[in-house]
Amino acid sequence: MTTTVERPQLTADDIATQWLGDFESALRSRDIKAAAGLFATASYWRDLVSFTWNLKTVENPEGVTDLLTANLDRVSPTEFELSEPAATADGVTEAWFTFATSVGRGKGLVRLIDEDGTKAWTVLTALQELVGHEEPRGDRRVKGAEHGVDPDRKSWSEKLAEEDAAWGKSADPYILVVGGGQGGIALGARLRQLGVPALVIDRWERPGDQWRSRYKSLCLHDPVWYDHLPYLKFPDNWPVFAPKDKIADWLEFYTKVMEIPYWSSTTANSAKYDEKSQQWTVEVERNGEKVTLHPTQLVMATGMSGKPNVPSFPGADIFKGEQQHSSEHRGPDAYTGKKVVVVGSNNSAFDICGALYEHGADVTMVQRSSTHIVKSDSLMEIGLGDLYSEKALANGVTTEKADLIFASLPYRIMHEFQIPLYDQMKERDKDFYQRMEAAGFDLDFGDDESGLFLKYLRRGSGYYIDVGSAELVADGKVKLAKGDVDHLTEGSVALADGTELPADLVVYATGYGSMNGWVADLVDQETADKVGKCWGLGSDTTKDPGPWEGEERNMWKPTQQENLWFMGGNLHQSRHYSLYLGLQLKARYEGIDTPVYGLQESHHLS
């Protein structure tokens with residue numbers, strides 16, 4: 001009689017530990033072929049700074065081979081260890097791990113599948129800190145008090161005041177951050193904690209004024225769990241959708257509490273880069289006083305939605321009413337009983353139309369192209385609930401963990417994860433969508449039906465998170481006109497089909513241009529063209545021309561212009577990517593070798 005011995009079933013921890021061990025062994029022995037062989041035929045490795053000094057995604061064993069060939073000897077990665085129990089579901093083993101490099105420590109997330117043995121399907125590696133340059137947090141925090149007797153003692157506030165007074169006189173910031181909205185403030189906080197001399201400047205009088213100046217009904221459309229800033233989270237009684245003035249006050253409070261070197265009422269007038277000295281000369285005006293600064297690094301934090309696209313229509317010079325870009329619109333109070341035409345059909349357009357209607361204006365929305373609309377409640381429950389919600393926190397998914405989970409999904413295949421979610425939303429809200437279509441509104445869910453997040457990542461436009469204003473269009477309370485604007489008359493907006501829309505006010509909710517437009521204004525057109533278009537993945541979908549980039553163009557990473565960087569995006573991206581941009585800048589400040597792998601090429605000027 002033959003006895004059959006059953007092989008023990010491998011646990012998720014066994015599977016993950018074995019793969020990490022094999023991967024580290026191959027890396028230690030510099031066996032790049034063996035390391036690449038641990039990746040599936042179709043696989044993706046996204047690295048945030050730790051291996052590449054870049055934000056870079058490579059694909060398939062061939063891409064892994066190229067990345068390791070260029071970087072392995074320098075990075076010398078070691079200490080790959082599980083950081084929490086792995087889990088297997090639907091044939092995929094998911095494992096969190098930590099690792100070390102020659103200069104830092106990182107976190108990672110790997111998804112393993114069975115393809116002729118256990119192979120990596122997706123890998124995320126993300127640098128978290130530089131060895132010897134760790135942030136003063138936890139048991140490394142500064143004492144604050146200075147015990148003993150010192151006749152020359154200076155108080156904490158006196159030291160801060162001296163530092164501020166020195167800029168442009170006896171000292172220059174290593175980094176100048178132009179733009180003090182959420183992106184500049186988040187980066188300023190990171191650089192402060194990393195001990196990098198940096199100065200944030202902004203033309204507004206107070207931090208947060210960028211938000212205070214907008215139309216009064218403006219609220220965040222993203223929920224509170226998605227929108228924390230680094231280090232200091234919103235209190236747990238904060239509204240789910242924060243009104244603009246609360247966000248403004250929070251930014252001002254945050255800037256002070258985090259002691260971010262911040263010059264308000266300061267305008268950058270010009271900037272020029274000296275290749276020999278590898279420094280910028282930036283002329284600024286602060287409260288009427290001209291100051292010259294010589295930073296080594298220049299960061300444009302002027303906002304992904306910062307440079308207004310203002311159309312130039314024939315007849316605009318003879319129109320007798322008011323014309324405003326949505327960024328200039330302060331609210332509906334002055335327009336009760338007036339006829340208002342809002343050109344555009346995305347977030348700002350709907351918000352402005354809703355507020356105007358509430359105040360008794362006669363409002364017409366002009367839709368020029370189709371728009372993706374998703375109900376706020378559906379987005380929160382189906383699209384964000386597993387990562388950013390009270391439910392997620394109860395399941396142990398902190399904001400920081402959620403950020404890494406989201407970052408671990410390669411952009412190349414992210415639509416495959418998103419399409420089923422938006423299919424659920426379509427079904428859940430089908431009555432609403434039918435009513436919008438019956439009203440004549442042109443709807444879409446993106447070129448591949450992948451919905452909001454991919455539209456945002458690809459083009460940063462073309463959508464509305466409905467918090468109620470879409471119902472006004474569905475009900476006919478806000479009128480809908482469709483087509484391109486041909487010209488303006490003295491008292492109307494004329495469409496290409498001959499329709500004339502009487503107007504006392506025209507609001508151009510026409511979006512914003514690429515951030516390199518700010519570079520053209522501040523530096524010159526040649527530098528703006530050298531850098532090229534900012535934002536977009538190269539997906540070859542509407543308003544996101546190819547070739548494929550795999551990462552956001554020029555954002556939070558080195559550009560074709562030496563020592564020029566871009567910081568932008570929503571509050572979530574400002575929080576998450578400020579770490580990786582901060583670490584890249586800190587490494588350069590400390591003189592750490594930072595050879596960039598896969599520097600993005602410029603394919604589009606704007």
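As a reminder, the structure under discussion sits directly above these lines.
Residues numbered from 1 in each chain as written. Predicted model: local features only at pLDDT ≥ 70, side-chain atom pairs only at ≥ 80, totals over all residues. Heavy atoms only, no water.

Novice: Any details on the side chain of Asp47? Residues and values, ideally.
Specialist: Here Asp47 lies in strand E1 (residues 39–48). Here Asp47 is buried and forms no salt bridge, its nearest opposite-charge partner Arg74 lying at an N-O distance of 7.5 Å. One polar contact links the side chain of Asp47 to the main-chain amide nitrogen of Val49, over a distance of 3.5 Å. At 2.7 Å, the side chain of Asp47 forms a polar contact with the side chain of Thr125. Excluding its chain neighbours within four sequence positions, the residues that come into contact with Asp47 are Thr52, Asn54, Leu55, Lys56 and Thr125. (Helix = DSSP H or I, 4+ residues; strand = E, 2+ residues; numbered from the N terminus. Buried < 20%, exposed > 50% of the residue type's maximum accessible area, 1.4 Å probe, protein only. Lys, Arg positive; Asp, Glu negative; His and termini not counted. Salt bridge = Lys/Arg side-chain N within 4 Å of Asp/Glu carboxyl O. Polar contact = N/O pair within 3.5 Å; in protein donor to acceptor, adjacent residues only side chain to side chain. Contact = heavy atoms within 4.5 Å.)

Novice: Which residues make up the packing of helix H5 (residues 182–194) against helix H18 (residues 571–589), and what values go with them?
Specialist: Contact geometry of H5 with H18 gives a least axis separation of 8 Å together with a crossing angle of 40°. Judged by the inter-axis angle, H5 sits oblique to H18. The way H5 lies across H18 gives a crossing that is right-handed. For the pair H5 and H18, contact is made by Gln182, Gly183, Ala186, Leu187, Arg190, Leu191 and Leu194 and by Leu571, Ser574, Arg575, Ser578, Leu579, Leu581, Gly582, Leu583, Leu585 and Lys586, respectively. Its residues assigned to classes, the contact of H5 with H18 comprises nine nonpolar, five polar and three charged. (Axes fitted to C-alpha atoms, helices over the stretch in contact; angles between N-to-C directions. Parallel < 35°, antiparallel > 145°, perpendicular 65-115°, else oblique. Left-handed = near helix turned anticlockwise from the far one by under 90°. Nonpolar A, V, L, I, M, F, W, Y, C, P; charged D, E, K, R; others polar.)

Novice: Could you give an account of the environment of Gly132, with specific residues and numbers?
Specialist: Positionally, Gly132 belongs in the loop between strand E7 (118–130) and helix H4 (156–166). When its relative accessible area of 58% is taken as the criterion, Gly132 is described as exposed. Along the sequence, Gly132 and Gln418 sit 286 residues apart, while their C-alpha atoms lie 40 Å from each other.

Novice: Can you explain the environment of Trp556? Please cite residues and give values.
Specialist: By the secondary structure assignment, Trp556 is in the loop between helix H17 (525–531) and strand E27 (564–566). The exposure class assigned to Trp556 is buried, which follows from its relative accessible area of 1%. When the C-alpha positions of Trp556 and Leu298 are compared, they lie 12 Å apart, and in sequence the two are 258 residues distant. Beyond its immediate chain neighbours, meaning those up to four positions away, Trp556 contacts Leu55, Trp535, Phe566, Met567, Gly568, Gln573, Tyr577, Leu581 and Gln584. A distance of 3.0 Å separates the side chain of Trp556 from the backbone oxygen of Gly568, its partner in a polar contact.

Novice: How would you summarise the packing of aromatic side chains if you had to cite specific residues and measurements?
Specialist: Under the defined criterion, the tally for this structure stands at 31 aromatic pairs. Geometrically, the ring pair formed by Phe23 and Trp45 is edge-to-face, given 6.1 Å between the ring centres and 75° between the ring planes. A residue pair is termed long-range when its members are at least 10 positions apart, and Phe23 in helix H1 (residues 12–28) and Trp45 in strand E1 qualify at 22 residues. Note on Tyr273 and Trp280: the rings are 4.9 Å apart at their centroids and 50° apart in plane angle, and the pair reads as tilted. (Phe/Tyr/Trp six-rings, centres within 6.5 Å; stacked < 30°, edge-to-face > 60°.)

Novice: Any chance you could break down the pairing of strand E12 (residues 279–286) for me, citing the residues and the numbers?
Specialist: Where strand E11 (residues 266–274) lies against E12, eight bridges are found, and the strand directions are antiparallel. Within the sheet, the bridge partner assigned to Lys272 lies in E12 and is Thr281. The turn linking E11 back onto E12 is made up of four residues, and Gln278 within it adopts a positive phi angle of 55°. Two strands pair when backbone bridges link them, and E12 and strand E13 (residues 289–293) are joined in this way by five bridges, in the antiparallel orientation. Bridging across to E13, Val282 finds its partner in Leu293. Remark: two residues form the turn of the hairpin made by E12 and E13, two consecutive strands paired antiparallel; Asn287 in that turn has positive phi of roughly 50°. (Pairing = 2+ DSSP bridges.)

Novice: An account of unusual backbone geometry is needed here, citing residue identities and associated values.
Specialist: With an omega of 5°, the peptide bond running from Gly546 to Pro547 counts as cis. Of note, the phi angle at Asp116 is positive, near 55°, even though the residue is not glycine. Positioned with a positive phi, Tyr231 is a non-glycine residue whose angle comes to about 75°. Mapped onto the secondary structure, Tyr231 falls in the loop between helix H6 (209–212) and helix H7 (244–257).

Novice: Describe helix H9 (residues 376–384), listing the residues and the values that go with them.
Specialist: Counting buried residues in H9 gives seven out of nine residues, a clear majority hidden from the surface. Among the residues of H9, Ser376, Ser378, Leu379, Met380, Ile382, Gly383 and Leu384 are the ones counted as buried. If you follow the buried residues of H9, they end up packed against strand E19 (372–375), helix H12 (411–428), helix H14 (452–459) and strand E20 (463–466).

Novice: Lay out the pattern of salt bridges in plain terms, naming residues and giving numbers.
Specialist: As enumerated under the stated definition, the model contains 40 salt bridges in all. The partner of Asp73 in a salt bridge is Arg30, with the nearest N and O atoms 3.0 Å apart. With a gap of 43 residues between them, Asp73 in helix H3 (residues 60–75) and Arg30 in the loop between H1 and helix H2 (32–36) connect regions that are remote in the sequence. Owing to a relative accessible area of 33%, Arg30 belongs among the partly exposed residues under this scheme.

Novice: Account for the sheet that holds strand E8 (residues 175–178), naming residues and giving values.
Specialist: Read from one edge of the open sheet, five strands run E10-E9-E8-E14-E27, paired in parallel fashion. Bordering the open sheet on either side are strand E10 (262–263) and E27, each of which pairs with just one other strand. Bridging between E8 and strand E9 (residues 198–201) involves four bridges; their strand directions are parallel. The partner of Leu176 across the bridge, within E9, is Leu199. Its contacts with the sheet place H5 against E8, E9, E10 and strand E14 (297–300), and it is angled at close to 160° to E8.

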